[in-house]
Number of protein chains: 2
Amino acid sequence: MNSDASKPVLIGIDWGTSSLRAFLIGSTGQVLDSVSAPQGIMQVKDRDFDAVFHDLVGRWKTAGDLPVIASGMITSRNGWLETPYVAVPAGSKALADNLVRFETSSGKAVHFVTGMTTEHDGAPDVMRGEETQIVGAMGLGAAAGMFVMPGTHSKWISVSDARIDDYATYMTGEIFAALRGHTILGTLMKDAAFQEEGFRMGVASGLRAGAGLLHNLFHVRTMPLFGRIPEEMTADYLSGILIGSEIGAATSALAPDNVVTIVGRNDLADRYEIALDAVGFSSARAAENIVAQGHFEIAQSAGMLS
Amino acid sequence: MNSDASKPVLIGIDWGTSSLRAFLIGSTGQVLDSVSAPQGIMQVKDRDFDAVFHDLVGRWKTAGDLPVIASGMITSRNGWLETPYVAVPAGSKALADNLVRFETSSGKAVHFVTGMTTEHDGAPDVMRGEETQIVGAMGLGAAAGMFVMPGTHSKWISVSDARIDDYATYMTGEIFAALRGHTILGTLMKDAAFQEEGFRMGVASGLRAGAGLLHNLFHVRTMPLFGRIPEEMTADYLSGILIGSEIGAATSALAPDNVVTIVGRNDLADRYEIALDAVGFSSARAAENIVAQGHFEIAQSAGMLS
């Protein structure tokens, strides 16, 4: 271990679909400096990831000597280098063992964290990047529990014995956008401040819906049409139905005394806190920068920090 | 009763959102002539329903003397005249008692069939037009049973004692289009002939999904990504998941020896036949022109044919 905590030992990059974030990481995993850029894999001009990389890490004078680890959609088919997945259950050791070393145009080595796969009922599930965040949360002390990472494709990730046991993806965010933007359900919606009452009514409906989600969604049309909810509530009522359905399914096997840890600190995370409470689960918030901690944990497991 | 079966006694109009169909109806409810036009309520220029009506029925020389009955979205807020709903349970007598008489610019009376409403778990459901079709099916002998009307908004309608007991709407068709056209699930889809194997796999997944539909939908992405189904099957796999989910929910309280009657004779109706069979239900097809028979039954109940 390095005795000077402020001395950087690692560069970690969380490179996603729509943005990226790079971290200068100290000897206990703490973030010394970070930089964000709207250079997600779908935004990189001419797919010149090499140029973006050098531009990004060049800002740190010490970068040349530091090991680099990168996670996220950058390892997908549309990314810099497609890597295979490791299968659950897996933790930092398995991810360290499966790092994919890649040399940039300057001869700098980047170590890519592979994604993680699972299978339910004959169908595969995939994630790239979230596994590194959860490894970071485990590094900060979460040896067991359920995590939810709300978003376009929400992930529910269960952890025990300091490894990821299993996970499942729910298309909640993307389906919300498609239904709001491209079905009759969106026609009565208005931009408005968050309508918690409408959201809570939606959560209750989504939970009750069970297998009948395609039916209950029609109530987003009929409830305002019959004056049961004001039009201002309609968008949050839809949001609630989808999030309620997701939480109902994702927690169906979870004992009620479990605490669900929400990864994220934005408005969407707030919605999940409200919805989890309505379902009867306590929730907590993950620490910030768990992804940098994850880079640190994996690099350490791989012996890159010696 | 008129002794000459070929003599028209009624004009019936099924006026929907995207098209309309008018029928010249004989003394036992049979269709003597019919005309279709792409003049659904959203297509009528300047909302001049009166002009479309006169142009349409003017083709029949005897029209001036015949009573006219109309059903469908023409009685909705965006239609010619908004009418209230009657509540379930209801049959032809209740619809006849609630006909709304309206005089056109030429002094011709049009009798509008109101829609029908129900409520489940505090949320309303609505239909306009489908009730008239089911009344027609009942007039042709269906005193009891479950009907499905596949479409943008599928309706499941249960009948007993020759009246509509209850019904529920599922947004299956519209959600299919939104997911195919506006989410990542559509990106791998190709136009192809109907892929029955992929459809059946989807139906099985949709049935198993239960409350987890937002999760299973992600498999439409992962299955072709992992080579588990060819890309050509992807659209029908999605179609199967949604229809399987719908059928699972809509038949959850239905004894397995029931026959489900499918209203419709198109490709979509064929899909429902396959899916119902996969779930273990027998199916039958409703007769053609049940809507005209419905107009006849309601007009007869209302004493308009004397």
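Our subject is the structure that appears above.
These numbers come from a predicted model, not from an experiment. (Residues numbered from 1 in each chain as written. Chains lettered and ligands numbered in written order. Predicted model: local features only at pLDDT ≥ 70, side-chain atom pairs only at ≥ 80, totals over all residues. Heavy atoms only, no water.)

Enquirer: Just to check I follow, could you spell out the overall build of chain A for this structure?
Expert: Along the backbone of chain A there are 10 helices and 14 strands. Taken against the 2.2 N^0.38 rule, which gives 19 Å for 306 residues, the C-alpha radius of gyration of chain A at 21 Å falls within 12% of a compact globule. Within chain A, buried positions represent 55% of all 306 residues. Carbon and sulfur atoms provide 48% of the accessible area of chain A, an area that totals close to 12200 Å². The distance from the centre of the 22 positive side-chain charges to the centre of the 34 negative ones in chain A is 3 Å. (Helix = DSSP H or I, 4+ residues; strand = E, 2+ residues; numbered from the N terminus. Rg over C-alpha atoms; globule rule 2.2 N^0.38 Å. Buried < 20%, exposed > 50% of the residue type's maximum accessible area, 1.4 Å probe, protein only. Areas by Shrake-Rupley, 256 points an atom, 1.4 Å probe, with all protein chains shown as cover. Lys, Arg positive; Asp, Glu negative; His and termini not counted. Charge placed at Lys NZ, Arg CZ, Asp CG, Glu CD.)

Enquirer: Before we go on, may I ask you to explain the packing of helix 4 (residues 172–182) of chain B against helix 8 (residues 234–250) of chain B in this structure?
Expert: If you want to describe how two helices pack, look at the angle between their axes and the distance between the axes. Residues and elements named next belong to chain B. Where helix 4 meets helix 8, the axes come as close as 10 Å, and the angle between the chain directions of the two elements is 150°. As far as their axial angle goes, helix 8 and helix 4 are roughly antiparallel. The two elements helix 4 and helix 8 meet at a crossing, and its hand is right-handed. Here T172, I175, F176, L179 and R180 of helix 4 come into contact with helix 8, specifically with A235, L238, S239, L242, I243 and E246. (Axes fitted to C-alpha atoms, helices over the stretch in contact; angles between N-to-C directions. Parallel < 35°, antiparallel > 145°, perpendicular 65-115°, else oblique. Left-handed = near helix turned anticlockwise from the far one by under 90°. Contact = heavy atoms within 4.5 Å.)

Enquirer: Looking at this structure, I do not really get the packing of aromatic side chains. What am I missing?
Expert: How two aromatic rings sit relative to each other is given by the distance of their centres and the angle of their planes. Taken as a whole, this structure holds 18 aromatic pairs over all chains when the rule is applied. Between F49 of chain A and W80 of chain A, the ring centres sit 6.3 Å apart and the planes meet at 35°, which makes this aromatic pair tilted. With F49 of chain A in helix 1 (residues 49–57) and W80 of chain A in the loop between strand 4 (68–71) and strand 5 (85–87), this pair connects stretches of sequence that are 31 residues apart. For F49 of chain A, a relative accessible area of 2% puts it in the buried group. Residue classification places W80 of chain A among the buried residues on the basis of a relative accessible area of 16%. Between Y85 of chain A and F226 of chain B, the aromatic rings sit 5.7 Å apart at their centres with planes inclined by 20°, giving stacked as the arrangement. With Y85 of chain A in strand 5 and F226 of chain B in the loop between helix 7 (219–225) and helix 8, this residue pair bridges two chains. Its relative accessible area of 30% is what places F226 of chain B among the partly exposed residues. In textbook terms, an aromatic cluster arises when at least three aromatic residues are bridged by ring pairs, as seen for W15, F49, F53, W80, F102 and F112 of chain A. The residue whose ring lies beneath R128 of chain B is Y85 of chain B, and the NZ or CZ to ring-centre distance is 4.1 Å. (Phe/Tyr/Trp six-rings, centres within 6.5 Å; stacked < 30°, edge-to-face > 60°. Lys NZ or Arg CZ within 6 Å of the ring centre and 35° of its normal.)

Enquirer: Sorry, what's going on with the interface of chain B and chain A here?
Expert: Reports of interface size often rely on the accessible area that becomes lost once the parts have come together. Listed by partner, the interface residues are 45 residues for chain B and 45 residues for chain A. Summed over both partners, the interface of chain B with chain A comes to about 4000 Å²; 68% of that surface belongs to carbon and sulfur atoms. For the pair chain B and chain A, the number of links is 4 salt bridges. Its salt-bridge partner being D121 of chain A, residue R208 of chain B comes within 2.3 Å of it at the nearest N-O pair. For the pair chain B and chain A, the number of links is 15 residue pairs in polar contact (both at pLDDT 80 or more). Listed by contribution, the elements that provide at least two residues to the side of chain B that touches chain A are strand 8 (115–120), strand 9 (123–127), strand 12 (163–170), helix 4, helix 6 (213–216), helix 7 and helix 8 of chain B. No other element matches the 6 residues that helix 4 of chain B contributes to the side of chain B that touches chain A. For the side of chain B that touches chain A, the per-class residue count stands at 22 nonpolar, 14 polar and 9 charged. (Buried area = accessible area lost by both parts, 1.4 Å probe. Salt bridge = Lys/Arg side-chain N within 4 Å of Asp/Glu carboxyl O. Polar contact = N/O pair within 3.5 Å; in protein donor to acceptor, adjacent residues only side chain to side chain. Nonpolar A, V, L, I, M, F, W, Y, C, P; charged D, E, K, R; others polar.)

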